Amino acid sequence: MSTIQLSDVVADVPPLRGLFITAMPDCLLFDTWTRPDETWSSEAAASYFGDLVRANREALKALSAWSSEMSVTVESADLLLMMFETSADFVVTMAFDRKAPLGMVRLHARRILDRLQEVLPKLESVERPRAIRLAEFLDKYAPDPHAALHRVALRTGLGLDALRNPSSLSEAQTERFESAVKDLLGLDNLSL
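What you see is a predicted model, and the numbers here were worked out from it, not measured in a lab.

## As for the packing of helix 5 (residues 145–156) against helix 7 (residues 171–185)
Two numbers describe how helix 5 lies on helix 7: the axes approach to 9 Å, and their chain directions differ by 125°. When the axes of helix 5 and helix 7 are compared, the pair comes out oblique. The two elements helix 5 and helix 7 cross, and the hand of that crossing is right-handed. Taking contact as the criterion, the partners of Ala148, Arg151, Val152, Arg155 and Thr156 in helix 5 are, on helix 7, Arg176, Phe177, Ala180, Val181, Asp183 and Leu184. In terms of residue class, the contact of helix 5 with helix 7 is made up of six nonpolar, one polar and four charged.

See below:
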């Protein structure tokens, strides 16, 4: 975890229920703050927030409407989520009480983002092998990851041991692995 005191960053923001900082591109939880009475799983949520912002960015690019000032807002019965890609390194998600007026939420969100810009570090990302990212993607998005891995093994001719330890795959094997993952999940491309 980071050394940022998020409680200082979110001070005097009454409608805020949670703040999640997701490290990109791997969508890993970097830091979080939630009200003491919240029972959310911050680790599980953080990866989805990063994926949601990434998918939104790609959709806007496809429409030639992408901007670096992009944000994602999700409204539910009791929560208002606001997600911002602060840099290539972080996605910041704020969970506000749904009863708070939208204008006030936007004001609070801007103030929190300004405070975070001053304290968030610049991360040096290490590019992990594509085969490892493919295995993680399959594990995360396949309805039954265990069965999916077996299906990929059958489609590619690669052994289960090789697929369980994807760092040993050659470039050609990784291409077969990626093709099988796309076919299995019904996707034209993977956002890795």
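## A few points about the pairing of strand 5 (residues 90–97)
Burial analysis of strand 5 places seven of its eight residues in the buried class, which makes it a mostly covered element. In this structure, strand 1 (residues 16–23) lies alongside strand 5, joined through seven bridges in antiparallel fashion. Paired with Leu19 across the strands is Met94, a residue of strand 5. Between strand 4 (residues 79–85) and strand 5, which follow one another and run antiparallel, lie four residues.

## Notes on the packing of aromatic side chains
Inspection of every chain in the model, using the stated rule, returns three aromatic pairs. Ring centres of Phe20 and Phe49 lie 5.3 Å apart, and the angle between their planes is 55°; on these two criteria the pair is classed as tilted. Within this pair, whereas Phe20 is found in strand 1, its partner Phe49 is found in helix 2 (residues 42–62), the two being separated by 29 residues in sequence. Every member of this aromatic cluster is reached through a ring pair, and the members are Phe20, Trp40 and Phe49.

## As for helix 4 (residues 130–141)
Given a rise of 1.5 Å per residue, 12 residues ought to cover 16 Å, and the 16 Å separating the end C-alpha atoms of helix 4 matches this to within 8%. Inspection of helix 4 places Ala131, Arg133, Leu134, Ala135, Phe137 and Leu138 among the buried residues, and these make up the whole buried set. Packed against the buried residues of helix 4 are helix 5, helix 6 (160–164) and helix 7.

## So, the pairing of strand 1
With eight of eight residues buried, strand 1 lies mostly within the body of the structure. Relative to strand 2 (residues 28–34), strand 1 runs antiparallel, the two being bridged by six bridges. Note on strand 2: the bridge partner recorded for Thr22 is Leu29. In textbook terms, the turn of a hairpin is the stretch between consecutive antiparallel strands, and for strand 1 and strand 2 this stretch comprises four residues, one of which, Cys27, has a positive phi near 60°.

## Looking at the pattern of salt bridges
Tallying each qualifying case throughout the model produces eight salt bridges. For Arg128, the salt bridge goes to Glu136, with nearest N and O atoms at 2.7 Å. On the accessibility criterion, Arg128 (25% relative accessible area) is partly exposed. The closest approach of N and O atoms between Glu178 and Arg130, which form a salt bridge, is 2.8 Å. In this pair, Glu178 sits in helix 7 while Arg130 sits in helix 4, placing the two residues 48 residues apart along the sequence. The buried category is assigned to Glu178, whose relative accessible area is 14%. Here the salt bridges share partners, and the residues they tie into one network are Arg17, Glu38 and Asp78.

## Some remarks on the side chain of Ser47
Of note, Ser47 is situated in helix 2. By relative accessible area, Ser47 is classed as buried at 13%.

## Focus: the packing of helix 4 against helix 7
Here helix 4 crosses helix 7 at 20°, and the two axes come no closer than 10 Å. Judged by the angle between their axes, helix 4 and helix 7 are roughly parallel. When the axes of helix 4 and helix 7 are compared, the crossing they make is left-handed. Listed contacts from helix 7 to Arg130, Ala131, Leu134, Ala135, Phe137, Leu138 and Tyr141 of helix 4 are Thr174, Phe177, Glu178, Val181, Leu184 and Leu185. A class-by-class count of the residues in the contact of helix 4 with helix 7 yields 10 nonpolar, one polar and two charged.

About the cut-offs
- Residues numbered from 1 in each chain as written.
- Predicted model: local features only at pLDDT ≥ 70, side-chain atom pairs only at ≥ 80, totals over all residues.
- Heavy atoms only, no water.
- Axes fitted to C-alpha atoms, helices over the stretch in contact; angles between N-to-C directions.
- Helix = DSSP H or I, 4+ residues; strand = E, 2+ residues; numbered from the N terminus.
- Parallel < 35°, antiparallel > 145°, perpendicular 65-115°, else oblique.
- Left-handed = near helix turned anticlockwise from the far one by under 90°.
- Contact = heavy atoms within 4.5 Å.
- Nonpolar A, V, L, I, M, F, W, Y, C, P; charged D, E, K, R; others polar.
- Buried < 20%, exposed > 50% of the residue type's maximum accessible area, 1.4 Å probe, protein only.
- Pairing = 2+ DSSP bridges.
- Phe/Tyr/Trp six-rings, centres within 6.5 Å; stacked < 30°, edge-to-face > 60°.
- Expected span 1.5 Å × (residues − 1).
- Salt bridge = Lys/Arg side-chain N within 4 Å of Asp/Glu carboxyl O.

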